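# Coordinates in review
Okay, here's what each chain looks like letter by letter:
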Amino acid sequence: MCFSLAMGSVVLLVLFETQSTSAYPTAALDELTLYGYQLRGIPTVLEGVTDNASGLTYNPETDSLFAVTNNPEQLFEINLDGQVLRKIPLHGFEDTEDVTYVGNGQLAILEERRRTIVIVDVRPDTISLTLENQRQFRMPAGDGDNNGFEGLTINPVTKQLYIVNEKNPRQLWLVDGFAADTGSISISTPLDLEKNSYGNKDLSGVFFDGRSGNLLLLSHESKQLTSINLLDQAAIQISLVGGQGGLAEDIAQPEGITIDNHDTLYILSEPNLLYQFQYIPTL
């Protein structure tokens with residue numbers, strides 16, 4: 001099913017079919033690049049973050065991390081050692097769940113209940129952000145409960161955005177055209193995560209790995225990280241429980257995930273723990 005909506009000068013094309021896997025070439029399972037990460041040190045407590053730390057992203061322009069909280073709505077800049085560099089209040093924002101680096105000083109912030117993506121400019125001198133006058137896009141209405149949008153990430157080459165819905169249903173959306181500001185926006189569902197959940201009871205975070213083209217899904221309830229090859233939908237998983245990957249104990253409520261330019265994978269655990277996993281190539 002497909003329809004379009006006129007939104008001022010923007011044409012919104014909505015596709016509700018799940019893309020067929022037969023359209024993709026086959027890729028070998030060993031192209032998935034999740035194995036080889038080991039915990040580096042102990043998790044870092046994010047000072048000044050006391051509740052509801054959620055989404056996480058890496059900004060290569062600043063070589064730093066950005067995270068959001070939703071109580072209160074704030075954006076945090078964090079250095080790669082886990083030190084909070086600044087807090088940026090988000091005035092007028094509601095239930096901010098995730099953030100992703102878009103490029104040229106811009107971040108996209110995801111609001112869960114309003115199902116809205118907001119593009120903001122974050123400069124070295126930014127001390128606060130106000131929702132009014134920011135570029136926004138609201139996704140089609142959901143069922144209104146709190147099992148809604150949990151994760152946001154971007155393909156840095158195509159500027160396509162991926163959104164995951166937590167559960168009821170577990171869902172993946174692909175939004176094309178908004179981040180690139182092309183004048184037309186299309187929405188599709190590239191994977192049916194209810195038909196094949198990859199063993200994930202819920203979805204709490206998402207990251208597009210531009211090096212491999214794989215999509216990484218976090219599950220809070222299943223305590224695992226899944227890497228999915230979008231070409232053939234093959235997947236591998238690593239457990240986030242104690243005894244795996246150097247973990248002394250389970251990662252409690254993993255909510256945010258990103259990878260920097262130094263082969264370090266970060267997982268943000270609510271309310272305020274930052275885990276760092278260093279990639280160690282096999283010989």
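Procedures and definitions
Residues numbered from 1 in each chain as written. Predicted model: local features only at pLDDT ≥ 70, side-chain atom pairs only at ≥ 80, totals over all residues. Heavy atoms only, no water. Helix = DSSP H or I, 4+ residues; strand = E, 2+ residues; numbered from the N terminus. Buried < 20%, exposed > 50% of the residue type's maximum accessible area, 1.4 Å probe, protein only. Contact = heavy atoms within 4.5 Å. Areas by Shrake-Rupley, 256 points an atom, 1.4 Å probe, with all protein chains shown as cover. Pairing = 2+ DSSP bridges. Axes fitted to C-alpha atoms, helices over the stretch in contact; angles between N-to-C directions. Salt bridge = Lys/Arg side-chain N within 4 Å of Asp/Glu carboxyl O. Core = buried A, V, L, I, M, F, W, Y, C linked by side-chain atoms within 4.5 Å. Phe/Tyr/Trp six-rings, centres within 6.5 Å; stacked < 30°, edge-to-face > 60°. Lys NZ or Arg CZ within 6 Å of the ring centre and 35° of its normal.

### A word on the overall build of the chain
A count of helical and extended segments in the chain gives zero helices and 24 strands. Each of the 283 residues in the chain was classed as buried or not, and the buried ones make up 51%. Counting contacts in the chain only where the partners sit at least 6 residues apart, residues at least 24 apart contribute 51% of the total. Taken as a whole, the chain presents about 12,400 Å² of accessible surface, with 50% of it coming from carbon and sulfur.

### Concerning the sheet that holds strand β11 (residues 116-121)
Spatial strand order, β9-β10-β11-β13: four strands in an open sheet with antiparallel pairing. Each of the sheet's edge strands pairs with one partner strand only, and the pair in question is β9 (96-103) and β13 (135-138). Across the sheet, the mean angle from the axis of one strand to that of its neighbour is 20°, orientation sign disregarded. One ladder, built from six bridges, connects β9 with strand β10 (residues 106-111); its direction is antiparallel.

### A look at the sheet that holds strand β19 (residues 214-219)
Consider a sheet: its strands pair through backbone hydrogen bonds, and that pairing is either parallel or antiparallel. Overall, antiparallel pairing links the four strands, which are arranged β18-β19-β20-β21 in an open sheet. Of all the strands in the sheet, the pair left with one neighbour each is β18 (205-209) and β21 (235-239). Neighbouring strand axes in the sheet, compared pairwise and without regard to direction, differ in orientation by 20° on average. In terms of strand pairing, β18 meets β19 through five bridges, oriented antiparallel. What sits directly across from F208, in β19, is L215.

### Some points on the pattern of salt bridges
Scanning the model with the defined rule gives 10 salt bridges in all. Salt-bridge contacts for E77 lead to R86; the nearest nitrogen and oxygen are separated by 2.7 Å. According to the relative accessible area criterion, R86 is buried, its value standing at 17%. A salt bridge links R123 to D121; its shortest N-O distance comes to 3.2 Å. The class for R123 is partly exposed, based on a relative accessible area of 36%. Shared partners join several salt bridges into a network, and the residues in it are E94, E111 and R114.

### Here's the deal with the nonpolar core
Formed by 18 residues in total, the largest nonpolar core has its most connected members in I117, F137, M139, L161, I163, V175 and F178. Of all the secondary structure elements, the ones that give two or more residues to this core are β10, β11, β14 (149-154), β15 (161-165), β16 (171-176) and β17 (184-189). It is β14 that contributes the most residues to this core, three residues altogether. Excluding its chain neighbours within four sequence positions, the residues that come into contact with F178 are I117, I119, R135, Q136, F137, L161 and I185.

### Examining unusual backbone geometry
The step from N168 to P169 runs through a cis peptide bond, and the omega angle for that step is 5°. Residue position: P169 is located in the loop between β15 and β16. Following E270, the chain continues into P271 via a peptide bond in cis, with omega recorded as 10°. With respect to the element layout, P271 can be found in the loop between β23 (264-269) and β24 (273-279). The backbone of N133 shows a phi angle near 75°, a positive value even though the residue is not glycine. By the element assignment, N133 lies in the loop between β12 (129-130) and β13. Looking at N133, the relative accessible area reads 74%, which means it is exposed. Notably, K223 is not glycine yet its phi reads approximately 50°, a positive angle.

### With respect to the packing of aromatic side chains
This model, assessed by the stated rule, comprises three aromatic pairs. Here the aromatic rings of Y37 and Y279 are separated by 5.2 Å at their centres, their planes lie at 55°, and the arrangement is tilted. Residue Y37 is found in strand β3 (residues 37-39), and its partner Y279 is found in strand β24; the two are separated by 242 residues along the sequence. Here Y279 falls in the partly exposed class, since its relative accessible area comes to 30%. Considering the side-chain rings of F137 and F178, the 5.8 Å spacing of their centres and the 35° angle between planes classify their relative orientation as tilted. Placement of F137 in strand β13 and of F178 in the loop between β16 and β17 is noted, with a sequence separation of 41 residues between them. According to the relative accessible area criterion, F178 is buried, its value standing at 4%. A cation over an aromatic ring shows up here: R135 above the ring of F178, its NZ or CZ 4.7 Å from the ring centre.

### As for the side chain of D209
Looking at the element boundaries, D209 is found in strand β18. Residue class for D209 comes out buried when judged on its relative accessible area of 3%.

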